[in-house]
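Residue strings, one per chain:
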Amino acid sequence: MGWADPKGMRSRMSAAADDIRADAGQPVIEVRDVTVRFGGVLALDGVSFDIRAGAILGLIGPNGAGKTTLFNCLSRLYTPSSGDIRLLGRTILRQPAHKMAGMGIGRTFQNVASFHNLTVRDNVRVGAHSASRSNVASDALRLPSARRSEREIDRAAQELIDWLELGEVADRLVAGLPFGWQKRVELARAMAAKPKLLLLDEPAGGLNHDEVQELGGLILKVRDEGDVTVLLVEHHMGLVMSVSDRVVVLNFGRKIAEGTPEEMQKHPEVISAYLGGGDE
């Protein structure tokens, strides 16, 4: 099923980092019995799982499994019919979607959602604004606090540009960049908001083999050096299995399996779901 670990990426993860994640305390995110109904359609049926601090959790399943629905619940684009989602012990379901960045949830999208008519630098600055202390009044009046905030945003944006190796395209319009670069810009913009949990929605979509290899390295770098917990929804099984610490498998809205990548590759229900349900 194409689940091989590309170039042994997973073997390069340090045992020490694995021990730290295994000993982590409170989960960053807790999904508890989440059910979503759209009229008579049951999109999610009592789905539950945790993600520990510093972990990468892969969320997979065939077409119609409910992955996007769950992602949209975590982003607060959808409200579950029942159940709860807690970030560091606090429910997110009482908050509107525009509060998610401030709470510590960042997201990239399957279809690149960058501001194409802005430069790479300005895209990253937009992401950094949600983590700043500026407000409309201080910005409009150009108060000292607003000027300090702008300097902090500029500094944070430059650090991310350097960290994600975007320097050579920093002042180019995103619209003129190859698709792989645009994906990297979107990742930088999401990281600029300093998320505790980063939701990656099909980041390998449209990338070639070499770009997927680079993406895998970036995801590990974001987790290991950026101190971020990652939830990855992805069709590219080689990528999922190479970077994930654990994998949750959905099928027809239900969680059918959860475990290590190695366990999931051998799990009979997972194999049946993919062979019988098509490739997503």
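Please read these numbers as outputs of a predicted model, since none were measured by experiment.

Quick look at the side chain of Lys221 now. With respect to the element layout, Lys221 can be found in helix 8 (residues 209–226). The buried charged residue Lys221 lacks any salt bridge, with Glu165 as its nearest oppositely charged partner at 4.5 Å. Setting aside its immediate chain neighbours within four residues, Lys221 contacts Trp163 and Gly226.

It is worth spelling out the packing of aromatic side chains at this point. Scanning the entire structure with this criterion turns up 1 aromatic pair. Ring plane angle 75° and centroid distance 5.3 Å describe the contact between Phe38 and Tyr78, whose orientation is recorded as edge-to-face. Here Phe38, found in strand 1 (residues 29–38), pairs with Tyr78, found in the loop between helix 2 (67–74) and strand 4 (82–87); they are 40 residues apart in sequence, far enough to count as distant. For Tyr78, a relative accessible area of 30% translates into the label partly exposed. One cation-aromatic arrangement involves Arg184 over Trp181; the distance from NZ or CZ to the ring centre is 5.6 Å.

Taken in spatial order, the 4 strands of this open sheet run 2-1-4-5, and their pairing is antiparallel. The outermost strands of the open sheet, each flanked by one partner alone, are strand 2 (41–51) and strand 5 (90–91). Here strand 1 runs beside strand 4; their pairing, made up of 5 bridges, is antiparallel. Across the sheet, residue Thr35 finds its bridge partner in strand 4, namely Ser82. Packing of helix 2 onto the sheet brings it into contact with strand 1, strand 2 and strand 4, and relative to strand 1 it is tilted by some 115°.

Note on placement: Glu225 falls in helix 8. With 62 residues separating them in the primary sequence, Glu225 and Trp163 have C-alpha atoms 9.8 Å apart. Engagement of the side chain of Glu225 in a polar contact is seen with the side chain of Trp163, the distance being 2.9 Å.

Cut-off values and rules
- Residues numbered from 1 in each chain as written.
- Predicted model: local features only at pLDDT ≥ 70, side-chain atom pairs only at ≥ 80, totals over all residues.
- Heavy atoms only, no water.
- Helix = DSSP H or I, 4+ residues; strand = E, 2+ residues; numbered from the N terminus.
- Buried < 20%, exposed > 50% of the residue type's maximum accessible area, 1.4 Å probe, protein only.
- Lys, Arg positive; Asp, Glu negative; His and termini not counted.
- Salt bridge = Lys/Arg side-chain N within 4 Å of Asp/Glu carboxyl O.
- Contact = heavy atoms within 4.5 Å.
- Phe/Tyr/Trp six-rings, centres within 6.5 Å; stacked < 30°, edge-to-face > 60°.
- Lys NZ or Arg CZ within 6 Å of the ring centre and 35° of its normal.
- Pairing = 2+ DSSP bridges.
- Axes fitted to C-alpha atoms, helices over the stretch in contact; angles between N-to-C directions.
- Polar contact = N/O pair within 3.5 Å; in protein donor to acceptor, adjacent residues only side chain to side chain.

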